[in-house]
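# What the coordinates show
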Amino acid sequence: MATDETREPEPIGDLHLEVHSRSDNRSEATFPIVGIGTSAGGLDACRRLLQALPADTGLGFVFVSHLEPDRPSMLAELLSRATRMPMTEVGEPARVEPNHGYVIPPNQQLGIHHGVLHTLDRVLDRGRNLPVDYFLTTLANDIASRAIGVVLSGTASDGTVGLKAVKAAGGLTFAQDKASAEHFGMPGNAIAAGCVDFTLSPEAIAQELTRIARHPYLLPRTSAPAPGADAGDEQLGKIFMLLRNRTGNDFTHYKRTTVLRRIRRRMAVHKLERLADYARLIQSQPAEADQLFDDLLINVTGFFREPDAFDALRTLALPRIFAPRDPPRPVRIWVPGCSTGEEAYSLAITILEYLGDRASAAPVQIFATDIDAKAIEQARTGLYSEASISELSPGRRRRFLTQVTGGWQIAKGVRDLCVFAVQNLIKDPPFSRLDLVCCRNLLIYLGPILQERALQLFHYALEPQGYLLLGASESIGGHAELFSLVDKKQKLYRTKTNLGRINYTFAPRVFERVSPATDAAPPSVHPGVDLAAAADRQILKHYGPPGVVVTRDLEILHFCGETGPFLNPSPGAASLHLLKLARADLSVELRTAVHRAIKGGKPVRACGVRYRRDGADGSVDIHVWPMAESLDGQALLLVLFEDATPPTGAAPVAPLADDGRAAARIAALERELASTRAYMQSIIHDREGANEELKSANEEIQSANEELQSTNEELETAKEELQSTNEELATVNDELETRNLDLGAANSDLTNLLASVNLPILMVWRDLRIRQFTPQAKQLLNLIPSDVGRPIGNIKPNIDIPRFEGLLLAVIDDMTPHEVEAQDNAGRWYSVRVRPYKSVDNRIDGAVVAFIDIDHTKTAERLRAVLEREQRLAAIVRDATDVITVLAFDGTIQAWNPAAERLYGYTEERAVGMDVAALVPPDLLANHQAMMSRLRCGESAAPFATERVTERGQRLPVWLTAVALLNPEGAPYAVSTIERRMQPLEAAAMAAGGRT
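Description of the structure in this document.

About the thresholds
- Residues numbered from 1 in each chain as written.
- Predicted model: local features only at pLDDT ≥ 70, side-chain atom pairs only at ≥ 80, totals over all residues.
- Heavy atoms only, no water.
- Helix = DSSP H or I, 4+ residues; strand = E, 2+ residues; numbered from the N terminus.
- Buried < 20%, exposed > 50% of the residue type's maximum accessible area, 1.4 Å probe, protein only.
- Contact = heavy atoms within 4.5 Å.
- Areas by Shrake-Rupley, 256 points an atom, 1.4 Å probe, with all protein chains shown as cover.
- Pairing = 2+ DSSP bridges.
- Right-handed = clockwise from strand over helix to strand, strands pointing away.
- Arc of directions from axis to C-beta.
- Axes fitted to C-alpha atoms, helices over the stretch in contact; angles between N-to-C directions.

### Here's the deal with the overall build of the protein chain
Looking only at helices and strands, the protein chain has 27 helices and 36 strands in total. Across the 996 residues that make up the protein chain, the buried fraction comes to 42%. In the protein chain, once contacts between residues fewer than 6 apart in sequence are set aside, the share between residues at least 24 apart is 63%. Carbon and sulfur atoms form 53% of the exposed surface of the protein chain, whose accessible area is close to 52,500 Å².

Here it is, written out as structure tokens:
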């Protein structure tokens, strides 16, 4: 949007103001300073930036790069060739001057304080060198909104934390774009973290620096009021209205200087100088309202920020919070303004460390809320980068986080303690019955009205004696009546219980005070009147000194008698503080007496304390008595005022002259005075009677009003509790809905995984009840969906597993996997592998049984055994000295060993397929056929002597053994013969006995 060049820039309300919480630490420099961080490939980017920069921008430039620690640096000399600005390597402390450049020396860290650069010995942060983060953080702390951070080409993530600090302080941030960066690691990580305003090339960055160097946002501001502030306030109101319409949040009562600083920052980004132009920009581009909203939220947090505060909680608050309760109830904690969750998780880790082994027995609920929905979403995931957890010790990392792809994941035990929800602290109903509210570095961004509301809300939400932890720059202000100080340095407070519970709708509090009795005649006696109490009131009225009952904090709880001569309310806000009501002359002695009584625990008397009232001098004795009674554990004191002013005598009257007229005049005046006195006395008596009657009626009305008020307060309290409970239920429901979505996704993944495994798998509980099974296990184990929850012993599976239940119990008890082989009813073999079922927290909660089909393996083993057996038999047949043949029942030779070839002369090629009749003499053929017939019928044949005919026609006597070969069904399918040639003596015997 163009700026009207013909008009003077419009004053932006009180945008001229610049308030910092630590003004004593701010630089005296009135010009912006640019911190430029680089790493690998950064030299060329720095040259390009300097070449595009004019030498008179009015800015100071500091270059911080990763240099070799053991080698001299030439960075200053190389950069000086690209610019006419003086370029200096920092050695001794050097004050930054405009239009000058400064370079970090090797093996050093560079910081800035009050505009002066200081070098420090390099210190590795958990093994990492992060000089860019260190310098940019010190720059943001030193000059706040006049800091400019630039991250150029480089590897890793150095510079991201520094740019976050610059942006949080109100400064501007730049990063080199991917197209021009030689290495995109450093700028890319900063861009992904959402802390970069401009993503440009080095030349474009130089042009933007030149432009914004003259922008009013970066120019020095004075504290003098600017003319036209009303016009600025009008435009600011428009911006607040547009923000509320877009985001639903009203920033009217946020701290004005902080809001204006953020608006000015966005105006500088859009090259605008007038507030009216920016209001029109938001109206025409609603997305800019979202950007401004994100800037106003200032999500600056971290793990264990200000660690001493957590130590104070551990030693001072947690022992009381986790003390035994009757009846027992969960410990409830609220972390408003939790941002991305680091504060809530740090608190959860502190509690788990404090409880130790008692953590499982002590229920804890941590409600963490924030106005930023994106921050809450990140907090719910519990995933943080390496830079985010840099403050966590290695021990805490191992115990409470898990390294995953993309960063570090909060452990489930820590995550389960925290419930995250989007909530507006001021607008939405609060939580109730809390033991601790941890609200650090949130009140500093709120205006006085919102701070007061927030503190009243915390007092309402906390249980009696609950704790409030604020940030180092925050305090309870003028609300000492709500909280008592526990640790001044760490800003730890405790709720006071002497006051009624404050309504979270911030209705004005009503303090009841007992009205002092007036002089009146004794009331008439009526039925039901407590005469003893009435008599006691009269005695105290006439003979007892007036006084008050106060707490140790000097808050008045009760008035006794006529305290008007000694207590007089001062102009201003109403207060029941004793010292604020006491007359000025009595304050010192009264404070001293009360302090002595509290310290010594004994009555204290201050005699003859002089004071002045209505132009007359008086004297009073002050008595302070510690009371035996207490209120909610607080000691009470009785302070009495006893008038010690001596009675004054009549003043001497000078004798009058003997003048008749004077004497007559005096007598007349005396008679008139006496008459007036009598008349006034009668009027007083009448008025006192009427007052007494009115007082009685007033007391009755007041009693009825108190009852109605009490009933109304009870109803209001019930309503508040219901609203708080409803808010908690909504928060828990939101959290449960998120978890249900996560569980649904995980369940879908698990279901698809089990279905795609294509294996029968069975899961059982510790008591052997079925908890889950895959579809493939239904047929094998004879299961149906309704069997889930039934004992495994009630199921009759289709597979025989010996001692199945005992095997499962052994695995659960011994936590050792087992594997057995079993056969189903169809004869298929399975490998049954049983492993213990481990939960997420590494607890054994049952067993997992997987059935691996090994039938093919078993068949292969059997075939291998048969093959090995056949190979052995083949070797025996091959090497045997006897003839071994296999004959089919039709007489065909099917097998022929080398011994047969040697004895009969036929080779194996000729013999296989030949009819055995060629080997049997014709006269013995019938006997051979009869033997084959017997064997085919399943009969056996005894060894016998016979003859065979060789290839040459020679008849040889042999011993023949024949055996039938059986198929798998047991039926003969061939005949195996063993034929051994007879020795000469055996042949002669056979010849003598005849052939078979």
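### Some points on the pairing of strand 17 (residues 434-439)
Looking down a regular strand, the side chains alternate between one sheet face and the other. In terms of burial, strand 17 is a largely internal element, six of the six residues being buried. Where strand 17 and strand 18 (residues 462-470) come together, five bridges link them in parallel fashion. Residue Leu434 lies in a different strand from strand 18, and its bridge partner there is Leu462. In this fold, strand 17 hands off to helix 16 (residues 448-461), which returns the chain to strand 18; that crossover is right-handed.

### Looking at helix 1 (residues 42-51)
Along helix 1, the residues classified as buried are Gly42, Ala45, Cys46, Leu49 and Leu50. All buried residues of helix 1 project into a common sector of 130° when viewed along the axis, lining one side. Tucked into the core, helix 1 has its buried residues touching strand 1 (33-38), strand 2 (60-65), helix 2 (75-80), strand 3 (87-89), strand 9 (172-176) and helix 6 (202-212).

### With respect to the environment of Cys438
Secondary-structure assignment places Cys438 in strand 17. The class for Cys438 is buried, based on a relative accessible area of 1%. A sequence separation of 29 residues divides Cys438 from Tyr467, and the C-alpha atoms of the two residues are 8.4 Å apart. If near-sequence neighbours (up to four positions away) are discounted, Cys438 is found in contact with Trp334, Val335, Pro336, Glu343, Leu347 and Leu469.

### Let's talk about the sheet that holds strand 35 (residues 955-966)
What the five strands build is an open sheet, ordered 33-32-36-35-34; its pairing is antiparallel. The open sheet terminates on both sides in strands that have one partner only, identified here as strand 33 (893-896) and strand 34 (944-949). Adjacent strand axes in the sheet meet at a mean angle of 35°, parallel and antiparallel pairs treated alike. One ladder, built from three bridges, connects strand 32 (residues 883-887) with strand 33; its direction is antiparallel. If you follow Val886 over to strand 33, its bridge partner there is Ala895.

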